[in-house]
Each structure stands twice: as structure tokens, then as C-alpha cells.
Amino acid sequence: MKAHCNNELWGLSVHPTLSRVVTWDRASQLCTWDLKTRKQLQSVAFESGGDAIAYSNNGKHLAVGFLNGNLVVLDDKFNKIAERNNRKGKAIQVIKYSP
């Protein structure tokens, strides 16, 4: 598994019910961490990096905003559920789920 040792960490979201956090960097690395054990649970690399990431209110989905303007929604195993491509190419800087 890889971590963010060589890259800046830009996105962070805390799971709403579990002691987990997900981190996201501009070099495309997305990681899930267990806060109790301080160990990485999961890691995946994408085609582009980003700044914005957010867990859904129930913790079952994860919205990921890319520097190229794309938006992807993942399940808890990092499987892609939905995707939106932005042709304007402006970075997504903030993502929030409404309550």
C-alpha cells in the first residue's frame, strides 16, 4: 500500500459513524485509515489528483472531486458508482453532502 509520503495531502473526510478517515492528494492517491490502529486500510490511485472529498451522511458513499473538474462517487470499497465529466476542466475544490 502507498501513502502520501511524497505528496501534499489536500482532501480529508471523517467517516460519520466509524473511526475512519479518507485522505486524497493531488498526485491521485486515495487512502482510508483506521484512527484507532493508525493503519492504512485501503489505497487506490486514479488518473488525476484532487482537493475535494466527502463521505455521505450514512458513510456508504464517497464523493471525490478532481483537479480536471470530474466528479466520481464511490462505494465503501472504492468501486465507482457514478461519474460526471466536466468539459470546462476547472478543479472541484469543495464537496459537501446535504443533511
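Above this note sits the structure.
The structure presented is a predicted model; accordingly, all values stated were derived computationally and were not measured. (Residues numbered from 1 in each chain as written. Predicted model: local features only at pLDDT ≥ 70, side-chain atom pairs only at ≥ 80, totals over all residues. Heavy atoms only, no water.)

Caption draft 1: Broad picture of the pattern of salt bridges. Tallying each qualifying case throughout the model produces two salt bridges. Salt-bridge contacts for Asp-51 lead to Arg-26; the nearest nitrogen and oxygen are separated by 2.7 Å. Linking Asp-51 in strand β5 (residues 50–55) with Arg-26 in the loop between β2 (20–25) and β3 (29–34), this pair joins segments that are 25 residues apart in sequence. Given a relative accessible area of 10%, Asp-51 falls into the buried group. You can call Arg-26 partly exposed: its relative accessible area is 39%. Where Glu-83 meets Lys-80, a salt bridge forms, and the shortest distance between an N and an O atom there is 3.4 Å. Classification of Glu-83 as partly exposed rests on a relative accessible area of 42%. (Salt bridge = Lys/Arg side-chain N within 4 Å of Asp/Glu carboxyl O. Helix = DSSP H or I, 4+ residues; strand = E, 2+ residues; numbered from the N terminus. Buried < 20%, exposed > 50% of the residue type's maximum accessible area, 1.4 Å probe, protein only.)

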